[in-house]
Amino acid sequence: MAGTTLSDVIVPQLFTPCVINRTMEQSNLVNSGIIVNNSEFDTLASQASPLVNMPFFEDLTGESEAVTEGTDLTAAGISSNQDVAAIIRRAKMWSATDLSAALAGKDPMEAIASLVASFWARDMQKELVAILAGIFGSYTDTSNTVTPLKDNILDISGGSGAAAKWSGAAFIDAEQLLGDNKTALTGVMMHSATEAALKKQNLIETVQPSNDVAFGLYQGKRVIVDDGCPVTGSGSSQVFSTFLFGQGAIALGNGSPVGFVPTETDRDKKKGSGIDYLINRRTSILHPRGIQFTGKSVANTKTGPTREELKDAKNWNPVYEHKQIRIVEFRHKL
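Reading the values: rules and limits
Residues numbered from 1 in each chain as written. Predicted model: local features only at pLDDT ≥ 70, side-chain atom pairs only at ≥ 80, totals over all residues. Heavy atoms only, no water. 1 Å grid on protein atoms, 1.4 Å probe; cavity = no way out; pocket = protein on both sides within 12 Å on 5 of 7 lines; lining within 4 Å. Points joined across faces, edges and corners; volume = space filled by probe spheres on them. Helix = DSSP H or I, 4+ residues; strand = E, 2+ residues; numbered from the N terminus. Nonpolar A, V, L, I, M, F, W, Y, C, P; charged D, E, K, R; others polar. Core = buried A, V, L, I, M, F, W, Y, C linked by side-chain atoms within 4.5 Å. Buried < 20%, exposed > 50% of the residue type's maximum accessible area, 1.4 Å probe, protein only. Contact = heavy atoms within 4.5 Å.

Chemist: Quick question: what am I supposed to make of the layout of surface pockets here?
Modeler: A water-sized probe, rolled over the atoms, reveals where empty space remains. In this model, the largest pocket occupies a volume close to 180 Å³. Lining the largest pocket, in full, are Leu132, Ala133, Phe136, Gly137, Pro230, Thr232, Val239, Ser241, Phe243, Glu329 and Arg331. Among the secondary structure elements, those contributing two or more residues to the lining of the largest pocket are helix H6 (108-135), strand E12 (239-246) and strand E18 (327-332). Looking at the lining of the largest pocket, the element that brings in the most residues is E12, giving three residues. Its residues assigned to classes, the lining of the largest pocket comprises six nonpolar, three polar and two charged.

Have a look at this one:
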């Protein structure tokens with residue numbers, strides 16, 4: 001007899017939604033409001049196609065007309081465009097050796113779900129960093145360098161001395177890239193070295209909610225720290241990327257396509273006293289609103305992009321007017 005195995009303590013129908021809910025609870029990106037989940041995107045993420053089309057109407061433009069006796073008004077039309085999101089498919093397998101400590105808990109399924117959710121929360125953050133590298137990246141088209149989201153980038157790193165370094169004024173200039181829509185920016189994701197530099201200057205305010213973990217604020221914006229934020233160069237020449245986000249800038253959909261098996265357990269009875277395996281799969285949408293995923297550089301078009309392909313600027317094209325895209329990259333030195 002093998003004793004208690006993973007299949008004895010994990011009920012897939014209960015485990016899967018528990019992991020999804022706990023993942024969102026533990027995600028700093030979700031808690032900050034940068035990533036927002038809704039049922040519409042859950043439905044989109046459940047489609048069989050690797051790409052999801054989302055048509056939308058453009059905003060109304062032009063000027064009003066003066067009313068003149070006997071003169072007809074000029075009819076204006078409304079144009080449409082299409083946003084496209086990629087469905088991201090990921091999976092991870094653990095052995096009982098990795099999960100053995102959790103099996104000692106009062107409720108093993110809850111304990112294991114918490115461990116798995118922590119993994120997916122970290123993985124979601126890595127996924128977003130890859131997407132940011134893609135949407136703010138550049139590529140060569142024939143002999144021209146193309147930077148699709150150049151209007152949402154402030155790069156002061158080429159300046160001389162203090163002009164190349166982070167300052168409150170430069171941060172405000174980064175916000176100003178969105179013009180009168182800058183008030184939509186509510187969060188900022190930065191490298192830990194950037195956060196440390198700001199803390200040394202007492203520029204980050206610590207907030208301790210009564211029912212949540214403490215978090216930092218910079219100029220009223222919630223701070224998220226991630227060492228995946230791009231850093232180039234070395235020493236005093238290092239250039240850091242900091243990202244400003246608006247509420248709901250990233251749409252999250254948790255999908256459940258037909259035939260999809262999100263949670264499975266398995267057991268290898270031949271190895272020693274046996275090894276249990278837990279397999280967890282995710283089908284999701286993590287989409288920067290207003291930036292179309294083109295899929296121009298995706299090797300396997302049937303299953304969707306890899307993380308490396310999300311980093312490829314050729315796969316992204318803005319379809320919203322740049323001020324409506326609630327993401328800004330601020331490149332600076334420290």
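Chemist: Even after reading the chapter, I still don't get empty space enclosed by the protein, so can you show me in this structure?
Modeler: Tallied over the full model, the rule gives two cavities of 30 Å³ or more. The volume enclosed by the largest cavity comes to roughly 120 Å³. For the largest cavity, the full set of lining residues is Ile88, Arg90, Trp120, Asp123, Met124, Glu127, Leu252, Arg282, Ser284 and Leu286. Counting residues per element, the ones that place at least two in the lining of the largest cavity are strand E3 (80-95), H6 and strand E15 (275-288). A per-element tally of the lining of the largest cavity places H6 first, with four residues. In the lining of the largest cavity, the residues fall into five nonpolar, one polar and four charged. Empty space within the second largest cavity amounts to approximately 40 Å³. Lining the second largest cavity are Ala85, Ala86, Ile88, Ile131, Leu286, His287, Leu310 and Trp316. Counting only elements with at least two residues in the lining of the second largest cavity, the list comes to E3 and E15. Ranked by residues supplied to the lining of the second largest cavity, first place goes to E3 with three residues.

Chemist: Where do I start with the nonpolar core in this structure?
Modeler: Here is a general trend for soluble globular proteins: nonpolar side chains tend to be buried in one another's company. Membership of the largest hydrophobic core comes to 33 residues, with the highest contact counts inside it found for Ile35, Leu132, Ile135, Met189, Phe245 and Leu286. Going through the elements one at a time, helix H3 (28-31), E3, H6, E12, strand E13 (250-254) and strand E16 (291-293) are the ones with two or more residues in this core. Considering each element in turn, this core owes the most residues, seven residues, to H6. Non-local contacts of phenylalanine 245, meaning those with residues more than four positions away in its chain, are made with Ile34, Leu128, Leu132, Ala184, Leu185, Thr186, Gly187, Met189, Arg326 and Ile327.

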